[in-house]
Amino acid sequence: MSIVKEKDKKIYDIIQSELNRQNGYLELIASENFTSKAVLETAGSVLTNKYAEGYPGKRYYGGCIHVDEAENLAIDRAKRLFKAEYANVQPHSGSSGNMGVYLAYLQPGDCIMGLDLSHGGHLTHGSKVSFSGQIYNSVTFQVKQDTGLVDFDDLLEKAREYKPKIIICGASAYPRTVEFEKFREVADEVGAFLHGDICHNSGLIAAEMHPSPFPHCHVVSTSTHKSLRGPRGGIILLGSDYENPFGKVAPKSGRVKMMSELIDSAVMPGMQGGPLMHIIAAKAVAFKEALEPSFKTYIRRVLDNAQCFAEEFKSKGYELISGGTDTHLVLIDLQNKNISGKAAEIALDEAGITVNKNMIPFDPKSPFVTSGIRIGSPAMTTRGMGVDEVKIIVDLIDQVILNHDNKDKIQSVKKHVNELCSSFRIYD
Ligand code: DSN
């Protein structure tokens, strides 16, 4: 008998409905995944009760002996997974991780440069509607219209002109490999720090199927719940070059602090109070899972499935930004199919297929409408689907796109989706 069912039927019903949606719908949002039951159990554990402001061994509260052990495990495993020298596992999300990096490296008004949101970047890479574009002076670079790849000439020209303190590499809707080494060349030329936001690719990097941001990036952040398949959260990592270039000193000793200390104090007390110890422990569980050989097999399948999505969509006349993918996602330009991203998202949702509308580079439509959709393979791969299912799914998506005004057709696709999903159940 569920205790929630007994105590709060309304919330119980909502959880059940969401479970049914996750089981019955085809999840293709590139940033979502299904955690293991071990991660879920840890995230729902008694560790949620503990206040632990500070860091292991240096807390502002008593009774932290066990949460210290959990946080130390999470730190050690994150360092092993990404071959990093330092990890802060307390940020509540990828966005918080980015805020921690900016607080440590920047002063208000400093210039930052990231990929334009409409070209695949993220809100926190300097968008004017986010703190990152309001507190800091943000300048964005773009991708090339003909290739869909980062326009390094545009980046270098703007970097020379604006002299950013930080250049952010990494994206939310960029299907190709992030070329950390090339970004570092630009950063070095203008004296900027290179910040790798590997939110989307962190699972690929952990499995050594995407180049590592180290040693090229001075600092790295990632969320933990996308291709990495952990609980919702964030982390910040440093490689070996983490001496403090600002000369900030520790108040009592006058000793120059390490960069790791500046990041620790940027996260807490700079932007957060008590860490979420249940989530930090769940991150530790996910990192252990990602260190196991089976995680490499999983990511290999994620990449194979994404390749198959790209080939199948192209064979049906769909235009892909950059012409394909090196990663876990494809970005589809729907302009030649005469349907907006918004209309496609709605029609696919009615058919039981969950995707998100997405701006494409140089999009003539607004962010609320868009000309594209983004499709990712991590979640469907977790539930066991492979390339045979990808072929079926692309066919179903195509039927919906071509018949988005035909309710009968959409219902018949939904029936197929339900049948497919019932063979690949999660969380029984
Ligand atoms: N919102 C996330 C995504 O969908 O990519 C980025 O944080």
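Residues numbered from 1 in each chain as written. Predicted model: local features only at pLDDT ≥ 70, side-chain atom pairs only at ≥ 80, totals over all residues. Heavy atoms only, no water.

A. Summary view of the overall build of the protein. Per the secondary structure count, the protein includes 16 helices and 15 strands. Taking 2.2 N^0.38 as the reference for a compact globule, 428 residues should give roughly 22 Å; the C-alpha atoms of the protein span a radius of gyration of 22 Å, in line with that estimate. The principal-axis extent of the C-alpha atoms belonging to the protein is close to 75 × 60 × 35 Å. For the protein, buried positions account for 56% of its 428 residues. The contacts in the protein between residues at least 6 apart in sequence include a share of 70% that link residues at least 24 apart. Surface exposure of the protein reaches about 18,300 Å², of which carbon and sulfur atoms provide 52%. (Helix = DSSP H or I, 4+ residues; strand = E, 2+ residues; numbered from the N terminus. Rg over C-alpha atoms; globule rule 2.2 N^0.38 Å. Buried < 20%, exposed > 50% of the residue type's maximum accessible area, 1.4 Å probe, protein only. Contact = heavy atoms within 4.5 Å. Areas by Shrake-Rupley, 256 points an atom, 1.4 Å probe, with all protein chains shown as cover.)

B. Geometry of the site of the ligand. Taken together, Ser31, His122, Ser172, His200, Lys226 and Arg374 make up the full set of residues adjacent to the ligand. Between an oxygen atom of the ligand and a side-chain N or O atom of His122, the distance comes to 3.0 Å. At 3.5 Å from an oxygen atom of the ligand is found a side-chain nitrogen or oxygen belonging to Lys226. Relative to its unbound accessible surface of 240 Å², the ligand loses 64% to contact with the protein. (Near = heavy atom within 4 Å. Polar contact = N/O pair within 3.5 Å; in protein donor to acceptor, adjacent residues only side chain to side chain.)

C. Local environment of the nonpolar core. Within the largest apolar cluster, 55 residues are counted, with the highest numbers of intra-cluster contacts made by Phe82, Ile167, Phe183 and Leu237. In terms of residue count, the dominant contributor to this core is helix α4 (residues 65–82) (6 residues). Once residues within four sequence positions are removed from consideration, Leu237 is found in contact with Ala78, Phe82, Ala84, Tyr86, Ala87, Phe214, Val219 and Val220. Leu28, Leu320, Val355 and Val413 belong to the second largest nonpolar core, which has 35 residues in total. (Core = buried A, V, L, I, M, F, W, Y, C linked by side-chain atoms within 4.5 Å.)

D. Highlighting the state of the cysteines. For the coordinates displayed, the defined rule picks out 0 disulfides. Take Cys169: it sits in no disulfide, and the sulfur closest to it among the cysteines is that of Cys217, at 4.0 Å. (Disulfide = S-S within 2.5 Å.)

E. Summary view of helix α13 (residues 341–350). Buried within α13 are the following residues: Gly341, Ala344, Ala347 and Leu348. The buried residues of α13 occupy an angular sector of 130 degrees when projected down its axis, which confines them to one face. As for α13, its buried residues are in contact with β13 (353–354), β14 (356–358), β15 (372–376), α15 (387–402) and α16 (407–422). Just past α13, the residue Gly352 takes up positive phi, approximately 85 degrees. (Arc of directions from axis to C-beta.)

F. Seen up close, the side chain of His278. Mapped onto the elements of the fold, His278 is located in helix α11 (residues 277–291). Among all residues touching His278, those that are not within four sequence positions of it are Thr42, Ala43, Ser45, Leu47 and Thr48.

G. Up close: the pairing of strand β7 (residues 166–169). Residues Ile166 and Ile168 point to one face of β7 and Ile167 and Cys169 to the other, with burial holding for every one of them. Where β7 lies against strand β8 (residues 193–197), 4 bridges are found, and the strand directions are parallel. Looking at β8, one finds that Ile166 is bridged to Phe193. In the classification by handedness, the crossover that spans β7, the intervening helix α8 (residues 180–190) and the parallel β8 is right-handed. (Pairing = 2+ DSSP bridges. Right-handed = clockwise from strand over helix to strand, strands pointing away.)

H. Here's a closer look at a nonpolar patch on the surface. A grouping of Val4, Ile11, Ile14 and Ile15 is seen on the molecular surface, where their side chains present a nonpolar patch of about 330 Å² in accessible area. The element contributing the most residues to the nonpolar patch is helix α2 (residues 9–24), with 3 residues. Summarising the element assignment, Ile15 is placed in helix α2. Of the residues examined, Ile15 reaches a relative accessible area of 44% and is grouped as partly exposed. (Patch = residues over 30% accessible without salt bridge, like charges linked within 9 Å, V, L, I, M, F, W, Y side chains within 5 Å. Salt bridge = Lys/Arg side-chain N within 4 Å of Asp/Glu carboxyl O.)

In short, shape yes, function no, at least from these values alone.
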